[in-house]
Amino acid sequence: MKKLFTVLLLLAFVVLVNAQDTYFPGVTISDDVLQKMRSDFEQTPQNVALINAVTNNDIKNLALDRENEGKVNHYFSNTVETKAITNQNKSGRCWLYTGLNTLRPLVNEKYELDEFEFSQTYNFFWDQLEKANLFYEAVMATASQPMDDREVEWLFKNPIGDGGQWTTFSDNVQKYGLVPASAMPDTYQSKNTRTMSQLLNRKLREDGIKLRGVAMTMANEKIKKNAKIEYLSEVYRILVLSLGEPPQSFTWQFENKDGKPSEPKTYTPKEFYNEVVGVDLNEFVMLMNDPTKEYYKLYEVKYDRNLFEGNNWKFINLPIEDVKKFAKSSILGNEAMYFSCDVGKQLNVETGTLDLNNYDYDALMGVKFGMDKKQRIESYESGSTHGMALVGVNVLADGSVDKWLLENSWGADKGHNGFLTMTDDWFTEYMFRLVVNKKYLDSKTLKVLDGEAIQLPPWDPVFAMEE
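Parameters at a glance
Residues numbered from 1 in each chain as written. Predicted model: local features only at pLDDT ≥ 70, side-chain atom pairs only at ≥ 80, totals over all residues. Heavy atoms only, no water. Helix = DSSP H or I, 4+ residues; strand = E, 2+ residues; numbered from the N terminus. Buried < 20%, exposed > 50% of the residue type's maximum accessible area, 1.4 Å probe, protein only. Contact = heavy atoms within 4.5 Å. Expected span 1.5 Å × (residues − 1). Phe/Tyr/Trp six-rings, centres within 6.5 Å; stacked < 30°, edge-to-face > 60°. pLDDT = per-residue confidence, 0-100. 1 Å grid on protein atoms, 1.4 Å probe; cavity = no way out; pocket = protein on both sides within 12 Å on 5 of 7 lines; lining within 4 Å. Points joined across faces, edges and corners; volume = space filled by probe spheres on them. Nonpolar A, V, L, I, M, F, W, Y, C, P; charged D, E, K, R; others polar. Axes fitted to C-alpha atoms, helices over the stretch in contact; angles between N-to-C directions. Patch = residues over 30% accessible without salt bridge, like charges linked within 9 Å, V, L, I, M, F, W, Y side chains within 5 Å. Areas by Shrake-Rupley, 256 points an atom, 1.4 Å probe, with all protein chains shown as cover. Salt bridge = Lys/Arg side-chain N within 4 Å of Asp/Glu carboxyl O. Core = buried A, V, L, I, M, F, W, Y, C linked by side-chain atoms within 4.5 Å.

Examining the overall build of the protein chain
The helix and strand tally for the protein chain stands at 17 helices and 14 strands. When the backbone C-alpha atoms are referred to their principal axes, the protein chain occupies close to 80 × 70 × 50 Å. A buried classification covers 46% of the 467 residues belonging to the protein chain. Here the contacts in the protein chain between residues at least 6 apart in sequence split such that 77% fall between residues at least 24 apart.

Let's talk about helix H11 (residues 221-243)
Here H11 is 23 residues long and its end C-alpha atoms lie 32 Å apart, about the 33 Å a rise of 1.5 Å per residue gives. All buried positions along H11 are accounted for by Lys224, Ala227, Lys228, Tyr231, Leu232, Val235, Leu239, Ser242 and Leu243. Along its buried surface, H11 packs onto helix H6 (120-141), helix H9 (188-191) and helix H10 (194-215). Just beyond H11, the residue with positive phi is Gly244, at close to 90°.

Considering the packing of aromatic side chains
In the structure shown here, the tally under the stated rule is 26 aromatic pairs. Ring geometry for Phe250 against Phe272: centres 5.4 Å apart, planes inclined by 70°, an arrangement best described as edge-to-face. Note that Phe250 is positioned in strand S2 (residues 250-252) and Phe272 in helix H12 (residues 269-277), a separation of 22 residues in sequence. Taken individually, Phe250 and Phe272 each receive the classification buried, so the pair is uniform in this respect. Clustering of aromatic rings is evident, with ring pairs tying together Tyr111, Phe116, Phe118, Phe250, Trp252, Phe254, Tyr267 and Phe272.

Description of the confidence of the model for the protein chain
Averaged over all residues, the pLDDT of the protein chain is 91; the fraction at 70 or higher stands at 94%. Within the model, pLDDT remains below 50 along residues 12-17, and this stretch shows zero contacts once partners closer than five positions in the same chain are excluded.

Some thoughts on the layout of surface pockets
One number sums up the size of the second largest pocket: a volume of about 640 Å³. Looking at the second largest pocket, it is lined by 17 residues, and the ones nearest its centre are Gln346, Tyr361, Asp362, Phe369 and Tyr430. At the level of elements, helix H14 (361-365) and helix H16 (424-430) are the ones that each hand at least two residues to the lining of the second largest pocket. Across the lining of the second largest pocket, the residue classes break down as six nonpolar, four polar and seven charged.

What to know about the packing of helix H7 (residues 150-157) against H10
H10 packs onto H7 with a crossing angle of 145° between their chain directions and a minimal axis gap of 10 Å. Along the contact surface, H7 presents Val152, Phe156 and Lys157, while H10 presents Arg205, Gly208, Ile209 and Arg212. Tallied by class, residues from the contact of H7 with H10 come to three nonpolar, one polar and three charged.

Brief notes about a nonpolar patch on the surface
On the surface, a cluster of nonpolar side chains totalling about 350 Å² of accessible area is made up of Ile59, Met365, Val367 and Phe369. One can find Phe369 in the loop between H14 and helix H15 (373-378). Classification of Phe369 as exposed rests on a relative accessible area of 53%.

Comments concerning the pattern of salt bridges
Enumeration over the complete set of coordinates arrives at 27 salt bridges. As a salt-bridge pair, Glu321 and Lys324 come within 3.8 Å of each other at their nearest N and O atoms. Here Glu321 pairs with Lys324, and both are found in helix H13 (residues 320-332), just three residues apart, close to one helical turn. A salt bridge links Asp424 to Lys324, with the shortest nitrogen-to-oxygen separation between them at 3.0 Å. Here Asp424, found in helix H16, pairs with Lys324, found in helix H13; they are 100 residues apart in sequence, far enough to count as distant. Classification of Asp424 as buried rests on a relative accessible area of 16%. On the basis of relative accessibility, which here comes to 6%, the residue Lys324 falls in the buried class. Three or more residues are tied together by salt bridges with common partners; here these are Glu81, Lys83 and Asp114.

Some remarks on the nonpolar core
With 68 residues, the main nonpolar core has Phe118, Phe169, Leu178, Trp252, Phe272, Leu281 and Phe315 as its most contacted residues. In terms of residues, this core owes the most to one element, H6, which gives eleven residues. Among all residues touching Phe169, those that are not within four sequence positions of it are Trp95, Leu96, Gly99, Leu100, Leu103 and Leu281. In terms of nonpolar packing, the next biggest core, distinct from the first, is built from 34 residues, Ala327, Met388, Trp426 and Leu434 among them.

What about the side chain of Asn437?
In this fold, Asn437 is placed in strand S13 (residues 431-437). When residues no more than four places from it in sequence are discounted, the contact partners of Asn437 are Glu283, Phe284 and Glu335.

Right under this line is the structure:
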């Protein structure tokens, strides 16, 4: 029996080797191969014209489908009223702007305001400090693992960033509250985060190496804790110098739409959140459409949070039609939603449209780009890159939907007066995350929340932070 098993193992090995030879023969770029490629291209007058055009112009402009222009308008049957487009400038804080922009309409309506904006800088400060603390805790917890361990390697490649998603927003707000923009305005560094982020990453990597050493010593827990707090204090210093120190209390006064000023009132940030906003963020659920994973399952992503004591990012994976159904219900209920997508794909920023027919790269290049959503995710070709507030839907006479409205945070001069209109087909292909109030979900979807979440690694191809 043992001899037979050995023979079968050898046969399997031979088959595997032969299969590798069959499917991976190896091809060098020889003169013959080059000649075939030259021959296939054929230097015809048409190709010469294409070379001249493509080498001297923006490819997007050349691929713009003129026949599609004007076919998507910006009229909607149902919208959540929004006011004053925000601008994240040169920062990756779209997730923070998006979260706050879903809450702004509630404040505008409640206090009859023509203009209101939360301070993004306030919550960004705490996000960065909390992410630094999470990194320090993670490198100490993994100190016994080698530096080339995949988890340790991921930590040191991604110590801190200015991107995020709904959970980083929700946990941050619930712990630290909110303040109006007047209480902690933007600074140059909050609007231009690159250099500050580079310095923070450098500091965290240096401290991380030291803390790995501290964690492996025989020192008691108090000494280890104090070492971490010392490094965290230096991060706090960098943040205060760059963003200012967050207010512990402030006075807010506003003017309503009739020009009548309110009585000034002093708040702490948590008091302001509880009184002025008064929304329980625990009542919101993140939905995702990821065809690489099983639907109607609950997932969570390790380390995808900013609070050490907070929650990993959890989501219910659903078919796209379910996601659209709940999104439509929320807008009809006059509630904006946190929405994220692969915004760069087929975006015409001049017309403010996200449409699969905006650009025809196949026709321009004479090659086929044919991956489906699942293949794009698996090959790292597509993933969530940007968050916006979903604020509108166009419902046709038969009840179907042909387009959706997004409130962006790139300023009023980008897109269509600061908004983007996306077709329903584009929604299918490039939407990734949507946060919806539980009251709009059906019982089948809510039941998924009762199950245990499947934990995914932070390097999964679809889990980049929105910027």
